[in-house]
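Fold and contact review
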Amino acid sequence: MPRKISLSSPDITESEIEMVNNVLRTKHLSMGPYVADFEKELADYIGCKHSVAVNSGTSALHLCMRAIGLKDGDEVITSPFSFISSSNCILFERGVPLFVDIDPLTMNMDPAGIEEKITEKTKAILPVHIFGQPCDMAPIMKIAEEHDLVVIEDACEAIGAEYMNKKVGTFGLASTFAFYPNKQMTTGEGGMVVTDDDEVAKLCRSMRNQGRSESNIWLAHERLGYNYRMDEISAALGLGQIRRLEDMLALRKKVAETYNDHLSGQEHVEIPYVIPGVKMSWFVYVIRLSANADRNKLMEYLASVGIDTRPYFSPLHLQPFYRSEFGFAEGDFPVCESIAGSTLALPFHNNLSEDDIIYVCQSIVSGLREQGL
Ligand SMILES: *Cc1c(COP(=O)(O)O)cnc(C)c1O
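Please read these numbers as outputs of a predicted model, since none were measured by experiment.

Description of the overall build of the chain
Assigned secondary structure in the chain consists of 12 helices and 12 strands. Considering the chain as a whole, with its 373 residues, one finds that 57% of them fall into the buried category. Residue pairs in contact within the chain that sit at least 24 positions apart in sequence constitute 71% of those at least 6 positions apart. Within the structure as shown, the chain displays about 16,100 Å² of accessible surface, and the carbon and sulfur contribution to it stands at 51%. Across the chain, 34 positive and 52 negative side-chain charges occur, with their mean positions spaced 5 Å apart.

With respect to empty space enclosed by the protein
Taken as a whole and judged by the stated rule, the model has 3 cavities of 30 Å³ or more. Looking at the largest cavity, its volume works out to about 80 Å³. Around the largest cavity sit Thr106, Met107, Ile130, Phe131, Gln133, Pro272, Tyr273, Met280, Trp282, Val284 and Val286, which together line it. Counted by class, the lining of the largest cavity contains 9 nonpolar, 2 polar and no charged residues. Considered as a void within the structure, the second largest cavity measures approximately 50 Å³ in volume.

Some details on the environment of Lys121
Structurally, Lys121 is set in the loop between strand E3 (96-99) and strand E4 (122-126). It is 28 Å that separates the C-alpha atoms of Lys121 and Thr106, two residues lying 15 residues apart in sequence. In contact with Lys121, not counting residues within four places along its chain, are Gly73, Asp74 and Glu75.

Observations regarding the state of the cysteines
Here the structure, examined in full by the defined rule, presents 0 disulfides. Left unpaired, Cys156 is separated from the closest cysteine sulfur, that of Cys64, by 9.0 Å. This cysteine, Cys336, is not joined by any disulfide, and Cys135 carries the nearest cysteine sulfur, 13 Å off. Relative accessible area serves as the criterion here: at 0%, Cys336 is assigned to the buried category.

Observations concerning the environment of Ser363
Looking at the secondary structure, you find Ser363 in helix H12 (residues 354-370). Along the sequence, Ser363 and Pro2 sit 361 residues apart, while their C-alpha atoms lie 13 Å from each other. If we skip the residues at most four places from it in the chain, Ser363 touches Tyr301, Leu302, Val305 and Ile307.

Describing the packing of helix H1 (residues 14-24) against helix H7 (residues 232-243)
Orientation of H1 relative to H7, taken along the N-to-C sense of each, is 155 degrees, at an axis distance of 8 Å. By the angle between their axes, H1 is roughly antiparallel relative to H7. Of the two elements, H1 crosses H7, and the hand of that crossing is right-handed. The residues of H7 that touch H1, namely those facing Glu16, Met19, Val20, Val23 and Leu24, are Glu232, Ile233, Ala236, Leu237, Leu239, Gly240, Gln241 and Arg243. The residue inventory of the contact of H1 with H7, partitioned by class, reads 8 nonpolar, 2 polar and 3 charged.

A word on the pairing of E4
Counting buried positions along E4 gives 4 out of 5 residues, so the element sits mostly inside the fold. As paired strands, strand E2 (residues 75-78) and E4 are joined by 4 bridges and run parallel to one another. Paired with Thr78 across the strands is Leu126, a residue of E4. Crossover connection from E4 via helix H5 (residues 137-146) to parallel strand E5 (residues 150-154): handedness right-handed.

Focus: the layout of surface pockets
The space that makes up the largest pocket amounts to roughly 480 Å³. Along the wall of the largest pocket there are 27 residues; nearest its centre are Phe83, Ile84, Ser85, Lys183 and Phe313. In terms of residue count, the dominant contributor to the lining of the largest pocket is helix H3 (residues 57-67) (3 residues). Taken together, the residues of the lining of the largest pocket break down into 14 nonpolar, 9 polar and 4 charged.

Some points on the pattern of salt bridges
Per the counting criterion, the structure on display carries 18 salt bridges. Across the salt bridge formed by Glu246 and Lys279, the nearest N and O atoms sit 3.1 Å from each other. Of this pair, Glu246 sits in helix H8 (residues 245-263) while Lys279 sits in the loop between strand E10 (269-270) and strand E11 (285-289), placing them 33 residues apart in sequence. For Glu246, a relative accessible area of 37% translates into the label partly exposed. Judged by relative accessible area, Lys279 falls into the partly exposed class, the value being 25%. Each of Arg3, Asp355 and Asp356 takes part in salt bridges that share partners, so that together they form one network.

Parameters at a glance
Residues numbered from 1 in each chain as written. Predicted model: local features only at pLDDT ≥ 70, side-chain atom pairs only at ≥ 80, totals over all residues. Heavy atoms only, no water. Helix = DSSP H or I, 4+ residues; strand = E, 2+ residues; numbered from the N terminus. Buried < 20%, exposed > 50% of the residue type's maximum accessible area, 1.4 Å probe, protein only. Contact = heavy atoms within 4.5 Å. Areas by Shrake-Rupley, 256 points an atom, 1.4 Å probe, with all protein chains shown as cover. Lys, Arg positive; Asp, Glu negative; His and termini not counted. Charge placed at Lys NZ, Arg CZ, Asp CG, Glu CD. 1 Å grid on protein atoms, 1.4 Å probe; cavity = no way out; pocket = protein on both sides within 12 Å on 5 of 7 lines; lining within 4 Å. Points joined across faces, edges and corners; volume = space filled by probe spheres on them. Nonpolar A, V, L, I, M, F, W, Y, C, P; charged D, E, K, R; others polar. Disulfide = S-S within 2.5 Å. Axes fitted to C-alpha atoms, helices over the stretch in contact; angles between N-to-C directions. Parallel < 35°, antiparallel > 145°, perpendicular 65-115°, else oblique. Left-handed = near helix turned anticlockwise from the far one by under 90°. Pairing = 2+ DSSP bridges. Right-handed = clockwise from strand over helix to strand, strands pointing away. Salt bridge = Lys/Arg side-chain N within 4 Å of Asp/Glu carboxyl O.

Printed below as a string of structure tokens:
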């Protein structure tokens, strides 16, 4: 049997399957006790006052943009090196993303580039903790304070990560997490808004449920809302997962370290950089290839020996509808573009065996050798 190593894989236990089955045996598949329990345990884990469970990380980001009252033409400063929804959520409200190029080491938005972008239309900063590495929040919070800007953290890839011994998701006015199956913990589809702000929490609760008021009177809609509710089946899984999150993060750290051991010293491969003193929450394991390596050819080679890999990410500003809507072009964010052209996400999940990791690393060496490297 040829090997097949997938890019990601959820980690779900029998007891979590049992929790989900228990929901199916009740009459409450939505708006029941599991969502409330999941919200409570997640808020306790993060150390925040409120959490609002929704049906995706994208919904969570959208509710944050609504909650801060983003309007037509309002600008939000964010990173071009991200998953599309951290910027799309601005477009949902007809806002304008102001991209700031990234730091080549951390691949997060470089705070040094923020201030020059600010205009009188700028309303918020939306840092994205990419691949589970915290953004440099101290300068970001300082700039936000000085210019009276709201901070919303996209922590969808970084649950459990810490910056200066403080969890990401606790710096901004509100923050978001996501639970798609490739994330550190999953609910199938799902997301969460966390905040210490009573008003933001109230608005998000109402807007996820068709704009109903807190009293939840049948068919009384106070404001424009959506169906962004999380169902009970997802919440039951989430409850099981949040209880094991620290263990799962430790497993992921171990897998990353094993990769590091087997890849460090490879001339054409740069292993992921981790800022000294931060707690990384390993979302994906992304290497960078040297300029003379052909990334796409290596991907093809790895696919031919059963190894699934992906380029992560493609610059947001170069997506066709961003180019046509905002006139972005190649060369606008050179660091982001150069990094996007050389990154490769390797298979990465909690229970990836050392044997499989060695196979992936040896295959990378063979694939590069085929290119004459
Ligand atoms: C996963 C992710 C999201 C949310 O994704 P959903 O698929 O909507 O849950 C948002 N931002 C980033 C950076 C992500 O990686």
